[in-house]
Amino acid sequence: MISVETALARVLAGLAPLPPETVALPQTAGRVLAADIAAGVSHPPLRVSSMDGWAVQAADTASSPVVLAQIGESAAARPFGGSVGPGQCVRIFTGAAIPSGADAIVRQEDVERVEGGARIGQTVAAGTFVRPPGLDFATGDRLLTAGCILDYRRIGLAAAMNRAWLPVRRRPRVAVLSTGDELRMPGEPLGTAQIPGSNGPALVALAQAHGAEALHLGIAADTVESLAAMIGGGHDLLVISGGASVGDHDVVGDVLAQAGMTRDFWKVAMRPGKPLMFGRLGTMPVLGLPGNPVSALVSAVLFLVPMLKALSGLPAAPLPRTARLGRDLPANDERQDYLRAALVGDVATPFVKQDSAVLSGFASADALVIRPPFAPAAEAGDAVDVITL
Ligand code: AMP
Ligand code: MG
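Residues numbered from 1 in each chain as written. Chains lettered and ligands numbered in written order. Predicted model: local features only at pLDDT ≥ 70, side-chain atom pairs only at ≥ 80, totals over all residues. Heavy atoms only, no water.

Considering the pattern of salt bridges
In the structure shown here, the tally under the stated rule is 9 salt bridges. Asp-337 is paired through a salt bridge with Arg-271; the nearest N and O atoms lie 2.7 Å apart. With Asp-337 in strand β23 (residues 336–344) and Arg-271 in strand β19 (residues 270–271), the pair connects residues that are 66 residues apart, well separated along the chain. Given the relative accessible area of 10%, Asp-337 is considered buried. By sharing partners, the salt bridges in this structure join Arg-271, Asp-333 and Asp-337 into a single network. (Salt bridge = Lys/Arg side-chain N within 4 Å of Asp/Glu carboxyl O. Helix = DSSP H or I, 4+ residues; strand = E, 2+ residues; numbered from the N terminus. Buried < 20%, exposed > 50% of the residue type's maximum accessible area, 1.4 Å probe, protein only.)

As structure tokens, this is what we get:
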């Protein structure tokens, strides 16, 4: 049995980010940027007004009110070609280029129109309501960094940078295979001693939530033939649930060995989830999860999610946060515990029922309380590490 830390290090060793692909900007939400991106334009491209008003020489407004002669108009995309001299002004709108000669904008609220010009009722300093070129960014500025997740703000920024396409990491292609003679697809009629398989849908959803293209291959029977026929290949990652334990019908290890898998490890000192198998079929990593639903999903949080991050070029998961225990706990044995718990504020109270088959408990938990191997008895109020779910 190896520790969780060793197992994670071995799972992640040799996992490199997938190659980039070029995707149209509006389709990049949630994707991981694969290269630094520089602005293709400056924003704003030239000196523009931040108000509807009048472009003037600030010096002319030193003693207001003052009447200035209008010599033209500057609208967004229709700049005024001339130059503003002393005693002159140009009608201007938000976002329009400020004509040469002018060095300030007077808001239209502070101006009264008069025959042939404008009566300026406000003294303004040079630079008032002037946005200099490149105020936001300049051509060549590297504003988006490889490894960031593209959200609506970054997609908007990329658009402003005049980038219509972005290089993003290819999504990891994950195949999930459930095993077990007793399992049926949810909704199928159930015979005696048959249950709906829950790991497949849950694992697909978890993988998708972490950027994967995930596919449930279906349910294999506990026979060498059935399993061998369904494993397939060509995925970035194969996840198999169930059949990895030591029972007579746990044939996953044998079938994978026959298929040529080199096994890296098989048992991890954790609870739930000791029978965790990892190996490689050719270059394809294979993660064999325990069948018990809570064991399968906690193992997936601890191992599958970091694998998907590594394949996507994302940094490793953040460290667990600290909370206060909501009740006393006995000393721990040699396995690292992940106790399903309610988390209210910073108080984590582990549920009394910790059976790895109790999926309803896991579904209602807010966090997993981590109990290291051989942790001494702990009391309510003690600090503990938690992983929020
Ligand atoms: P196994 O690891 O195959 O020995 O399975 C351990 C326990 O988990 C058994 O009670 C199985 O019925 C159950 N189990 C295995 N796979 C699933 C699944 N996909 N959904 C729900 N329960 C499962
Ligand atoms: Mg089974």
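Things to note about the sheet that holds strand β21 (residues 284–289)
Within a beta sheet, neighbouring strands are joined by backbone hydrogen bonds and run either parallel or antiparallel to one another. Taken in spatial order, the 6 strands line up as β16-β13-β17-β21-β20-β18 in an open sheet, and their pairing is mixed. Both outer strands of the open sheet, β16 (213–220) and β18 (262–267), are each paired with one neighbouring strand and no more. Shown here is a sheet whose adjacent strand axes are inclined to one another by a mean of 15°, direction ignored. As judged from the 5 bridges shared by strand β20 (residues 275–281) and β21, these two strands associate in the antiparallel manner. Bridge pairing in β21 places Phe-278 opposite Leu-287. Of the strands in this sheet, β13 (173–179), β17 (237–241), β20 and β21 are in contact with helix α6 (residues 293–312), which crosses β21 at around 165°. (Pairing = 2+ DSSP bridges. Axes fitted to C-alpha atoms, helices over the stretch in contact; angles between N-to-C directions. Contact = heavy atoms within 4.5 Å.)

Some details on the side chain of Arg-91
Within the secondary structure, Arg-91 is located in strand β6 (residues 88–92). Glu-73 provides the closest opposite charge to the buried, salt-bridge-free Arg-91, at an N-O distance of 5.7 Å. In this structure the side chain of Arg-91 is engaged in a polar contact, spanning 3.1 Å, whose partner is the backbone oxygen of Gly-53. In this view, Arg-91 contacts Asp-52, Gly-53, Trp-54, Gln-70, Gly-72, Glu-73, Ser-74, Gln-108 and Arg-113; residues no more than four positions away in its chain are not counted. (Lys, Arg positive; Asp, Glu negative; His and termini not counted. Polar contact = N/O pair within 3.5 Å; in protein donor to acceptor, adjacent residues only side chain to side chain.)

Here we look at the domain arrangement of the chain
The domain boundaries assigned to the chain delineate domain 1 (4–15 + 171–311), domain 2 (21–43 + 139–169), domain 3 (48–131) and domain 4 (321–388). Distance between the C-alpha centres of domain 2 and domain 3: 37 Å. (Domains from an automatic or database assignment.)

A look at the packing of aromatic side chains
Between two aromatic rings, the relevant description is the distance of the centres plus the angle of the planes. For the structure on display, the rule yields 1 aromatic pair. Measuring from ring centre to ring centre gives 5.9 Å for Phe-265 and Phe-278, while their planes differ by 35°; the resulting arrangement is tilted. With Phe-265 in strand β18 and Phe-278 in strand β20, the pair connects residues that are 13 residues apart, well separated along the chain. By relative accessible area, which is 5% here, Phe-265 ends up buried. Residue placement shows Lys-267 over the ring face of Trp-266; its charged tip is 4.4 Å from the ring centre. (Phe/Tyr/Trp six-rings, centres within 6.5 Å; stacked < 30°, edge-to-face > 60°. Lys NZ or Arg CZ within 6 Å of the ring centre and 35° of its normal.)

Here's the deal with the nonpolar core
Counting residues in each nonpolar core, the largest one holds 41 residues, and the members touching the most others are Val-268, Phe-303 and Tyr-338. Looking at this core, the elements with two or more residues in it are α1 (4–12), β13, α3 (199–209), β17, β20, β21, α6 and β25 (367–371). The two domains that each donate at least three residues to this core are domain 1 (4–15 + 171–311) and domain 4 (321–388). Counting 17 residues, the second largest nonpolar core, distinct from the first, contains Leu-177, Leu-238, Met-261 and Val-286. (Core = buried A, V, L, I, M, F, W, Y, C linked by side-chain atoms within 4.5 Å.)

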